[in-house]
Amino acid sequence: MTEEPPIAVLADDTAYAEAVQLAVDSAAAYYADGTSTLDDDAYDRLARGIQAYEEAHPEAVLATSPTGKVAGGAVVGDVPHTVPMLSLDNVFGAGQLADWAISLERRLGRPVEAWSVEPKLDGLAISARYRHGRLTQLVTRGDGVAGEDVSHAIGTIVGLPARLAEPVTVELRGEVMMTASQFEAACLKRQAHDGTTFANPRSAAAGTLRAQDRPYVCELTFFGYGALCHSGDTSETAARLRELPHSEIMAWVAAQGAQTPAVTDVGGIVATTLEQVQERVEQIAAKRAELPFGIDGIVIKCDLAADQAQAGFGTRAPRWAIAYKLPATEKITKLLDVEWNVGRSGIIAPRAVLEPVVLDGSTVTYATLHNASDIGRRGLMLGDSVVVYKAGDVIPRVEAPVVHLRTGDERPIPIPQVCPLCGDEIDASQERWRCVRGRACRVIASIGYAAGRDQLDIEGLAENRIQQMLDAGLIADFADLFFLTREQVLGLERMGETSTDNLLAAIERAKAQPLSRVFCALGVRGTGRSMSRRIARHFGSMDAIRAADAEAIEAVEGIGPKKAPGVVAELVELADLIEKLIKAGVTMTEPGWTPPAAPGASAGAEASGASELPLAGMSVVVTGAMSGALEALTRNQMNELIERAGGKSSSSVSAKTSLLVAGEKAGSKRAKAEALGVPVVTSDEFAARVATYLQPDL
Ligand code: IVH
């Protein structure tokens, strides 16, 4: 699944010494505060190059070399570990995994009967010491032999209780990390405090764990991956933990009240064959994108204590476990340019143009730069090497420049002084800059969007026509289209009788579009096609939408507390436009809408409603080219069809997907669905299933 990173080739002792220095510096930064001067792939390449050179030139090995050292020889703390906190060796694909398993079985002289397969959590290793059931000390991994005391973080880590269920003396080992929502909250807190944010969840967790006197507290999460007792401990617990299979130790940890990956979609399983191991590896990899926390691989361990004991440990890592690495989510590439785009609502947003780089399975060429002040804060320059982060469905983001890779040729990023689209002033009073003309700045684009195929579907209204009408003062927004007279349209240049009549007929037809499309046409920020359908289905009428406050808007699935107030505020801004639409007789209700069942309504009432629809409760993804009855449908129309039939449409396949409709040339989504065991149907099979919901006029 994953390719093995090539090795850095080191020519001579000087190149070797430089490589060692670079690796040591990079590891030090990574373990100190999560920042990195090398991305993971580059570090792996370098480390392998160093190792290869040392094998060929054993006489040249430097004492500072990271080879064979835990954490690349980084930060040494002053709290000795009872049992060293080791690292894991890596494999980069199914072939290497099989080779590793075979050589382990050869060493044991017997087949491994049970493997534990679990996620490799991308956080910071921690040892949590419990005495008689009470959490007394937290220690980081450090150099593996001794770590740093971070007990001040006790009480801020979800999943790491102050007291266990039993009064046992035990050390829990696991990973401390930030979930997506914890990361968002932490960024907001830091932003409010000093105007900066964290680069990514991993470095936020690292900084937070070590921070002692921050005036604000950020929450962290713990997932355990092991439990052990001191070798001299003669208690019953110690004896049990020494004998239990890893999977049962994990169940014991969970029973004590500490969190393990079992509570997630990627909990550990026991596999008895290598095929099953590989299958689980693929399942976990396929779920990676949807997880609310980072994983950078899958850990495969001998489950049985006897196998572990016999396999034993190398200097750096156990021989009974291996990390199957997944493709990096963070890489270093070049910042080639910064583009300034003006959105439909007048927001001016910078976008980074990058030297293309493959991240988490897709090629990234553009990445978000948030806003203008962010560029200054991060000290970015054109030509910089930058760290780019992309995991799962998140929009790729530029984190920071790698200052030590600067050549001196970098140039400042030009910051626009006026709106790059219309030349008017910029309102820079908020974090997100906006053209003072607001949505009027993009009036042509806004009207074009409203008239588009997936919104009001007004055929024959090209941009040059809109421009003509604006220039002639016939319209100022898209609602004015509905008040155009035949004479006015005929009076425009190059407008004959037939095209005038066709255009006016198309405008007339648009009045009958359902509320979902009319609402979408408004172009409210954060409400695209599918969100507009959800809003329309939730409220049923424009009146109800406009009457809703932020809290009521939040009841729509997918609208969080951050987005809701913006929707309410924009609807107020759009009041005149909406009034005009109402006056014109544009549809302001959603056909077939029924009020949502009151809480506590009988199950019978529900059964007679939505759940009778053929796709009730299903999450459906469409991929590839449709054929037959569905051939002419746009993706948006397919999504509308799915929702009419009671389902939910989604664009990405996950474990929660109920059905994949795969047309011709279906690619990776089909493969992913198959790996996850999601049912797949053809375009024709799907058409038959939803036949009564196919409208002839679609
Ligand atoms: S077991 C004795 N299991 O990955 C070996 N480690 O790159 C103990 N990690 O130091 C490691 N998830 O901090 C193990 N499910 C998991 C893990 C895991 C993340 C970390 C751990 C380890 C590092 C090695």
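Every value quoted in this text rests on a predicted model; they were computed, and no experiment measured them.

Cut-offs applied
- In this numbering scheme, every chain counts its residues from 1 along its sequence in written order.
- Where totals are concerned, whole chains, interfaces and linings use all residues; where local detail is concerned, this predicted model gives features only for residues with pLDDT of at least 70, and gives and counts side-chain atom pairs only at 80 or more.
- Side-chain metrics rest on all non-hydrogen atoms present in the structure, leaving aside hydrogens and water.
- Numbering of helices and strands runs from the N terminus, with a helix taken as a DSSP run of H or I at least four residues long and a strand as a DSSP run of E at least two residues long.
- The reference for a compact globule is 2.2 Å times residues^0.38; the radius of gyration itself is calculated from the C-alpha atoms.
- Categorising residues by exposure relies on relative accessible area from a 1.4 Å probe, with only protein chains included: less than 20% of the type maximum marks a residue as buried, more than 50% marks it as exposed, and the intermediate range marks it as partly exposed.
- Note on definitions: a residue-residue contact is assigned when non-hydrogen atoms from the two residues lie within 4.5 Å.
- Each accessible area is a Shrake-Rupley estimate made with a 1.4 Å probe; only the visible protein chains count as cover when residues are assessed.
- Charge counting follows a simple rule: Lys and Arg are positive, Asp and Glu are negative, and His as well as the terminal groups are ignored.
- Lys charges are placed at NZ, Arg charges at CZ, Asp charges at CG and Glu charges at CD.
- The criterion for a residue being near a molecule or strand is simple. One of its heavy atoms has to lie within 4 Å of it.
- In protein, a polar contact requires one atom able to donate a hydrogen and another able to accept it; more generally it is a pair of N or O atoms within 3.5 Å, and residues adjacent in sequence count only if both atoms are side-chain atoms.
- Gly is put with the polar residues, along with every residue not named as nonpolar or charged; the nonpolar set is Ala, Val, Leu, Ile, Met, Phe, Trp, Tyr, Cys and Pro, and the charged set is Asp, Glu, Lys and Arg.
- Two strands make a pair as long as DSSP finds a minimum of two bridges between them.
- Here an axis means a line fitted to C-alpha atoms, over the contact stretch when the element is a helix, while the angle between two N-to-C directions is reported on a 0 to 180 degree scale.
- Salt bridges, as used here, are contacts in which a Lys or Arg side-chain nitrogen is within 4 Å of a carboxyl oxygen on Asp or Glu.
- Within the patch definition used here, like charges are joined within 9 Å and nonpolar side chains (Val, Leu, Ile, Met, Phe, Trp, Tyr) within 5 Å, considering only residues with over 30% relative accessible area and no salt bridge.
- Points on a 1 Å grid over protein atoms alone make up a cavity when a 1.4 Å probe fits among them but cannot get out, and a pocket when they form an open set with protein on both sides within 12 Å along at least five of seven lines; lining residues each have an atom within 4 Å of a point.
- Grid points are joined across faces, edges and corners, and a volume is the space filled by probe spheres set on the points.
- Note on terminology: a nonpolar core comprises buried Ala, Val, Leu, Ile, Met, Phe, Trp, Tyr and Cys residues joined through side-chain atoms within 4.5 Å.
- The arc under discussion is defined with respect to the helix axis, by the directions toward the C-beta atoms.
- Throughout, the term roughly parallel applies to angles under 35 degrees, roughly antiparallel to angles over 145, roughly perpendicular to angles from 65 to 115, and oblique to all others.
- Each crossing gets its hand from how the near helix is turned against the far one by less than a right angle, where anticlockwise is left-handed and clockwise is right-handed.
- Given a helix with a known number of residues, its expected span is that number minus one, times 1.5 Å.
- Stacked, edge-to-face and tilted are the three classes for Phe, Tyr and Trp ring pairs, Trp counted by its six-membered ring, which pair at centre distances within 6.5 Å; planes under 30 degrees apart are stacked, over 60 edge-to-face, the rest tilted.
- Two conditions define a charge sitting above a ring: the NZ of Lys or the CZ of Arg must be within 6 Å of the ring centre, and it must be within 35 degrees of the ring normal.

Engineer: What exactly am I supposed to notice about the overall build of the protein here?
Structural biologist: Looking only at helices and strands, the protein features 24 helices and 23 strands. A compact globule built from 698 residues would reach a C-alpha radius of gyration of about 26 Å, and the protein, at 30 Å, matches this within 12%. Structurally, the protein occupies a C-alpha span of about 95 × 65 × 50 Å along its principal axes. Across the 698 residues that make up the protein, the buried fraction comes to 49%. Of the contacts made within the protein by residues no fewer than 6 positions apart, 68% connect residues no fewer than 24 positions apart. In the form shown here, the protein has an accessible surface area of approximately 32,000 Å², with 53% of it arising from carbon and sulfur atoms. Averaging the positions of the 68 positive and the 90 negative side-chain charges in the protein gives two centres separated by 2 Å.

Engineer: Would you take a moment to explain the site of the ligand for this structure?
Structural biologist: The full set close to the ligand counts 14 residues, and Glu118, Arg141, Glu175, Tyr225 and Lys301 are the nearest of them. Leu86 is positioned with one of its backbone polar atoms (N or O) 3.1 Å from an oxygen atom of the ligand. Lys301 has a polar side-chain atom sitting 3.0 Å from a nitrogen atom of the ligand. Protein contact buries 89% of the 530 Å² of open area that the ligand shows by itself. Those elements giving two or more residues to the shell around the ligand turn out to be β3 (115-121) and β11 (295-302). In terms of residue count, β3 provides more of the shell around the ligand than any other element does, four residues in total. For the shell around the ligand, a count of residues per class yields eight nonpolar, one polar and five charged.

Engineer: Explanation requested: the sheet that holds strand β20 (residues 619-623) in the structure shown.
Structural biologist: Either a parallel or an antiparallel arrangement is found when strands of a sheet pair, and the pairing is made through backbone hydrogen bonds. Here four strands make up an open sheet; going across it, the order is β21-β20-β22-β23 and the pairing parallel. The open sheet is flanked by β21 (648-650) and β23 (680-681), the only strands paired with a single partner. Of the pairings in the sheet, the one linking β20 to β21 comprises three bridges and is parallel in character. Paired with Ser619 across the bridge in β21 is Lys648. Lying on the sheet, helix α23 (residues 668-676) is in contact with β20, β22 (659-662) and β23; it crosses β22 at an angle near 145°.

Engineer: Looking at this structure, I do not really get the sheet that holds β3. What am I missing?
Structural biologist: Strand order across the open sheet formed by five strands is β2-β12-β11-β3-β10, with mixed pairing between neighbours. The sheet terminates laterally at β2 (90-91) and β10 (269-271), the two strands that pair on one side only. Pairing geometry for β3 and β10, over three bridges, is antiparallel. Looking across to β10, one finds that Val117 is bridged to Ile269.

Engineer: Is there a simple way to explain the pattern of salt bridges in this structure?
Structural biologist: Two side chains carrying opposite charge are able to pair once their charged atoms lie near each other. Summed over the entire model, instances satisfying the criterion amount to 29 salt bridges. With a closest N to O distance of 4.0 Å, Asp296 and Lys325 form a salt bridge. Taken together, the residues Asp296 in strand β11 and Lys325 in strand β12 (residues 321-325) connect sequence positions 29 residues apart. On the basis of relative accessibility, which here comes to 9%, the residue Asp296 falls in the buried class. Look at Lys325 and you get buried, because its relative accessible area is 12%. Where Glu339 meets Arg351, a salt bridge forms, and the shortest distance between an N and an O atom there is 3.0 Å.

Engineer: Mind showing me how you'd approach a negative patch on the surface here?
Structural biologist: Taken together, the side chains of Asp12, Asp13, Glu18 and Glu59 present a region of like negative charge at the surface. Here Glu18 is to be found in helix α1 (residues 13-33). On the accessibility criterion, Glu18 (56% relative accessible area) is exposed.

Engineer: Explain the pairing of β11 here, please?
Structural biologist: On a regular strand, one side chain projects to one face of the sheet and the next to the other, so that they alternate. In terms of burial, β11 is a largely internal element, eight of the eight residues being buried. Sheet topology places β3 next to β11; seven bridges connect them, and they run antiparallel. Considered in β11, the bridge of Ser116 is made with Lys301. Inspection of the sheet shows β11 paired to β12 by five bridges, in the antiparallel sense. Bridge pairing in β12 places Ile298 opposite Tyr324.

Engineer: When you look at empty space enclosed by the protein in this model, what are you seeing that I'm missing?
Structural biologist: Sizing a probe to match a water molecule and rolling it over the atoms shows the empty space that remains. Following the criterion strictly, the structure yields one cavity of 30 Å³ or more and no others. The calculated volume of the largest cavity comes to roughly 40 Å³. Looking at the largest cavity, the residues that line it are Asp454, Ser516, Arg517, Cys520, Arg529, Ser532, Arg533, Asn636 and Glu640. When contributions to the lining of the largest cavity are tallied by element, the ones reaching two or more residues are α15 (515-521), α16 (529-539) and α22 (635-644). When the residues that make up the lining of the largest cavity are grouped by side-chain class, the tally is one nonpolar, three polar and five charged.

Engineer: Please explain the nonpolar core as it appears in this structure.
Structural biologist: Across soluble globular proteins, nonpolar side chains show a tendency to be buried alongside one another. Grouped together as the largest cluster of nonpolar side chains are 51 residues, with contacts concentrated most on Ile458, Phe478, Leu481, Leu522 and Leu581. Elements with a contribution of two residues or more to this core: α11 (443-451), α12 (463-471), α14 (497-510), α15, α16, α17 (542-547), α19 (564-573) and α20 (575-584). Once residues within four sequence positions are removed from consideration, Phe478 is found in contact with Ile447, Ala450, Leu456, Ala521, Leu522, Leu577 and Leu581.

Engineer: What's the story with α20 in this structure? I'm lost.
Structural biologist: An α-helix turns once every 3.6 residues. As a result, residues three or four positions apart point the same way. Every buried residue belonging to α20 is among Leu577, Ile578, Leu581 and Ala584, and all of these are buried. Axial view of α20: buried residues confined to an arc of 120°, hence all on one face. Exposed side of α20, more than 90 degrees from the buried face: Asp576 and Lys583 are the residues found there. Where α20 is buried, its residues touch α15, α17 and α19.

Engineer: Can you walk me through the packing of helix α8 (residues 274-287) against α23 in this structure?
Structural biologist: How two helices pack is summed up by the angle between their axes together with the distance between the axes. Between α8 and α23, the least distance of the axes is 9 Å, while the angle of their chain directions is 125°. One finds that α8 runs oblique with respect to α23. α23 is crossed by α8, and the crossing has left-handed handedness. Residue-level inspection shows Gln283, Ala286 and Lys287 of α8 in contact with α23, the latter providing Lys672, Ala675 and Leu676.

Engineer: Please clarify how α14 should be interpreted in this entry.
Structural biologist: Helix length check: α14 (14 residues) gives 20 Å between terminal C-alpha atoms against 20 Å at 1.5 Å per residue, within 8%. Turning to α14, its buried residues number three or more, namely Thr500, Leu503, Leu504, Ala506, Ile507 and Ala510. Across the axial projection of α14, the buried residues extend over an arc of 155°, all falling on one side. For α14, the exposed residues set more than 90 degrees away from the buried face come down to Thr498 and Arg509. Each element contacted by the buried residues of α14 is listed here: α12 and α13 (486-490).

Engineer: For this particular structure, what's the right way to read the packing of aromatic side chains?
Structural biologist: For any pair of aromatic rings, geometry is given as the distance between the ring centres together with the angle between the planes. In total, this model carries five aromatic pairs according to the counting rule given. Geometrically, the ring pair formed by Tyr16 and Tyr53 is stacked, given 5.0 Å between the ring centres and 20° between the ring planes. Of this pair, Tyr16 sits in helix α1 while Tyr53 sits in helix α2 (residues 40-56), and the two are 37 residues apart along the sequence. Neither Tyr16 nor Tyr53 differs from the other in exposure class; each is buried. Between Trp100 and Trp115, the aromatic rings sit 5.7 Å apart at their centres with planes inclined by 50°, giving tilted as the arrangement. Pair noted here: Trp100 is in helix α3 (residues 94-108) and Trp115 is in strand β3, with a separation of 15 residues, a long-range link. A residue is classified by how much of its surface remains accessible, and Trp100, at 13% relative accessible area, is buried. On the basis of relative accessible area, Trp115 is assigned to the buried category, the value being 1%. The residue whose ring lies beneath Arg190 is Phe198, and the NZ or CZ to ring-centre distance is 4.4 Å. The ring of Tyr366 has Arg351 lying over it, and the distance from NZ or CZ to the ring centre is 3.6 Å.

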